[in-house]
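# Topology and contacts: notes
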Amino acid sequence: RTIMSSSTDTLQFRFPALGDSILSRMNTLREEHRFCDITLLLGGPEGAALRPFHFYGHRVVLAASSDFLRDQFLLHEGRAELSVGVVSSVEVGERLFLSCYTGLLEVPLRELVSYLTAASALQMSQVVERCAQAISQFLSPTLSSLELERQEKDAAKSSTSIQGASSEGGGRL
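A brief structural summary. Worth saying up front: this structure is predicted, and the values here are computed from it rather than measured.

This next bit is on the overall build of the protein. In terms of helices and strands, the protein carries six helices and five strands. Tracing the protein from N to C terminus, the helices and strands come up as β-β-α-β-β-α-α-β-α-α-α. For the protein, the proportion of its 173 residues judged to be buried stands at 27%. Long-range contacts, defined here as pairs at least 24 residues apart, represent 50% of the contacts in the protein between residues at least 6 apart. Summing over all exposed atoms, the protein offers an accessible surface of approximately 12000 Å²; the carbon and sulfur share of this is 55%.

Now for the nonpolar core. Grouped together as the largest cluster of nonpolar side chains are 30 residues, with contacts concentrated most on Leu40, Leu62, Leu69, Val84, Leu96 and Phe97. No other element matches the six residues that helix H5 (residues 112-122) contributes to this core. Each residue touching valine 84, except ones within four places of it in the same chain, is listed here: Leu40, Leu41, Leu42, Phe68, Leu69, Phe97 and Leu122.

Here asparagine 27 lies in helix H1 (residues 18-31). Of note is the side chain of asparagine 27, whose polar atom sits 2.9 Å from the side chain of arginine 30.

On to the layout of surface pockets, then. If you add up the space inside the largest pocket, you get close to 560 Å³. Per-element accounting of the lining of the largest pocket gives the leading share, five residues, to helix H6 (residues 125-169). A class-by-class count of the residues in the lining of the largest pocket yields 10 nonpolar, seven polar and two charged.

Attention now moves to the pairing of strand E3 (residues 38-42). If a strand is regular, its side chains alternate between the two faces of the sheet. Counting buried residues along E3, five of its five residues qualify, which places the element largely inside the surrounding structure. In E3, alternate side chains face the same way, and those of Ile38, Leu40 and Leu42 on one face and Thr39 and Leu41 on the other are all buried. Direction of pairing for E3 relative to strand E4 (residues 53-57): antiparallel, over a ladder of five bridges. Bridging from a neighbouring strand, leucine 41 pairs with histidine 54 of E4.

What counts and how
Residues numbered from 1 in each chain as written. Predicted model: local features only at pLDDT ≥ 70, side-chain atom pairs only at ≥ 80, totals over all residues. Heavy atoms only, no water. Helix = DSSP H or I, 4+ residues; strand = E, 2+ residues; numbered from the N terminus. Buried < 20%, exposed > 50% of the residue type's maximum accessible area, 1.4 Å probe, protein only. Contact = heavy atoms within 4.5 Å. Areas by Shrake-Rupley, 256 points an atom, 1.4 Å probe, with all protein chains shown as cover. Core = buried A, V, L, I, M, F, W, Y, C linked by side-chain atoms within 4.5 Å. Polar contact = N/O pair within 3.5 Å; in protein donor to acceptor, adjacent residues only side chain to side chain. 1 Å grid on protein atoms, 1.4 Å probe; cavity = no way out; pocket = protein on both sides within 12 Å on 5 of 7 lines; lining within 4 Å. Points joined across faces, edges and corners; volume = space filled by probe spheres on them. Nonpolar A, V, L, I, M, F, W, Y, C, P; charged D, E, K, R; others polar. Pairing = 2+ DSSP bridges.

Okay, structure coming up:
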């Protein structure tokens, strides 16, 4: 979109898709390990039986997406690798970090709380907000229906117990 600024000899151009385009290109560079200046380690500590997963990235992208990582980068300036122990699941961590580049996060419903927990630890506010909304929208009704189902089963058991007791004692006078 082009608009004329208040000054009659200046044009102002807006590029609404520029952010998405740049992130997409940065992700391609990340996948090619080009210009990456940080490697995030997820999983077992270095030297453990299970080798940690390496996520190659750009500090500026990750710091802009996660206050926790921004603070860690400031505390450990100059380090090429950073172990991210606050995320217990490698898959969850990888998907969260990848979402910093894609703007898309696919979360299996059964793992929603795990993503919320990890995003909270990483201080990824937009992800936390979306996960919390999803929990109230998708899990709260599920939990409510499970509670109702349990109550109905308990009531059916009680009713069966009462009927059994009255039929046992009903023949004796």
